[in-house]
Amino acid sequence: MKIAIGNDHSAVDLREEITKHLRERGFEVEEVGTFSRESSNYPEWGEKVCRKVLAKEADLGIAICGTGVGISIACNKVKGIRAVCCSEPYSARLSRQHNNANVLCFGARVVGAELAKMIVDEWLDAEFQGGRHQTRIDMITEIENKG
Ligand code: RB5
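Residues numbered from 1 in each chain as written. Predicted model: local features only at pLDDT ≥ 70, side-chain atom pairs only at ≥ 80, totals over all residues. Heavy atoms only, no water.

1. Section: the overall build of the protein chain
Operational definition: Where helices and strands are cited, they refer to DSSP runs of H or I of at least four residues and of E of at least two residues respectively, numbered from the N terminus. It is over C-alpha atoms that the radius of gyration is taken, and the globule rule equals 2.2 Å times the number of residues to the power 0.38.
Regarding its fold elements, the protein chain presents six helices and five strands. The N-to-C order of helical and strand elements in the protein chain reads β-α-β-α-β-α-β-α-β-α-α. For 147 residues, the compact-globule formula gives about 15 Å, and the C-alpha radius of gyration of the protein chain, at 14 Å, lands near that figure. Across its three principal directions, the C-alpha atoms of the protein chain cover 40 × 30 × 25 Å.

2. Examining the site of the ligand
So the rule is basically this: Whether a residue is near a molecule or strand is decided by its heavy atoms; if any one of them lies within 4 Å of it, the residue is near. Whenever a nitrogen or oxygen atom comes within 3.5 Å of another N or O atom, the pair is scored as a polar contact, on the condition that within protein one atom can donate a hydrogen and the other can accept it, and that pairs from neighbouring residues in sequence are kept only if both atoms are in side chains. In these tables, accessible area is a Shrake-Rupley quantity obtained with a 1.4 Å probe, and a residue counts as shielded only by the protein chains included in the view. Just so you know the grouping, Ala, Val, Leu, Ile, Met, Phe, Trp, Tyr, Cys and Pro go in nonpolar, Asp, Glu, Lys and Arg go in charged, and all remaining residues, Gly too, go in polar.
Near the ligand the following residues occur: D8, H9, S10, Y42, C65, G66, T67, G70 and R109. Within the contact set of the ligand, an oxygen atom lies 2.5 Å away from a side-chain nitrogen or oxygen of D8. At 2.9 Å, a backbone N or O of T67 approaches an oxygen atom of the ligand. Calculation on the ligand without its partners gives an accessible area of 290 Å², and the protein chains cover 71% of this total. Class assignment for the residues of the shell around the ligand results in two nonpolar, five polar and two charged.

3. Re the sheet that holds strand β3 (residues 60-65)
This is how the line gets drawn: Think of it this way: DSSP has to see at least two bridges between two strands before they count as a pair. Between N-to-C directions, angles cover 0 to 180 degrees, with each direction set by a line fitted to C-alpha atoms, over the stretch in contact for helices.
If you trace the five strands from one edge of the open sheet to the other, you get β2-β1-β3-β5-β4, paired in parallel fashion. Each having just a single partner strand, β2 (28-33) and β4 (83-85) make up the two edges of the open sheet. Looking at each pair of strands side by side, their axes are set apart by 20° on average, direction ignored.

4. A look at the environment of V110
Just so we agree on the cut-off: Only protein chains enter the accessibility calculation, which uses a 1.4 Å probe. A residue is then buried if its area is under 20% of the maximum for its type, exposed if over 50%, and partly exposed in between. Pairs of residues are marked as contacts when any of their non-hydrogen atoms sit within 4.5 Å.
Inspection of the secondary structure puts V110 in the loop between β5 (103-107) and α5 (113-125). Residue classification places V110 among the partly exposed residues on the basis of a relative accessible area of 47%. Separated by 24 residues in sequence, V110 and C86 have C-alpha atoms that sit 9.9 Å apart. If we ignore the near neighbours within four places in the chain, the residues touching V110 are G66, T67 and S87.

5. Some points on the packing of helix α4 (residues 89-97) against α5
Any two packed helices are characterised by the angle at which their axes cross and by the distance between the axes. Formally: By the definition adopted for this analysis, an angle is roughly parallel if under 35 degrees, roughly antiparallel if over 145, roughly perpendicular if from 65 to 115, and oblique otherwise. The hand of a helix crossing depends on one turn: near helix anticlockwise from the far one by less than a right angle means left-handed, and clockwise means right-handed.
Relative orientation of the contacting elements α4 and α5 amounts to 25°, with a least axis distance of 7 Å. What the angle tells us is that α4 and α5 run roughly parallel. Relative to α5, α4 is oriented so that their crossing is right-handed. Here P89, A92, R93, S95 and R96 of α4 lie close against α5, whose contacting residues are L115, M118, I119, E122, W123 and L124. Split by residue class, the contact of α4 with α5 holds seven nonpolar, one polar and three charged.

Just geometry here; none of it tells us what the structure is for.
Listed below in structure tokens is the structure:
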């Protein structure tokens, strides 16, 4: 499985830690930037992650900013993306099982590296359960298509 990962300036160190962790777990990882600690704009990096997922150049995406909030809002503006901002593992797991989230976001100023790894692991190890949850996702897609 291939993961695209991106971040703004606030999350360079955390992205490096998460990338290392994912590679140790056997995932293929593509880092889309930023690699700089100079101030930059999180929507740019969130969109890059989402485009990789939509183009099927990655199976799933991870996007990190200071809080995870801004980048998740940006990601959710990309049609076909269901991004979730998680600060704990339970919601991360359910966001795959029930919401089929295809992008995981969190905040480098909110979670430490070890908690972030737990969040990522729960998210990646969970599977979408389909059934009534697919019906609800179809409703979300209908809302998206109304514009
Ligand atoms: C950057 O200072 C900060 O605003 C950004 O990383 C993020 O927290 C936005 O939601």
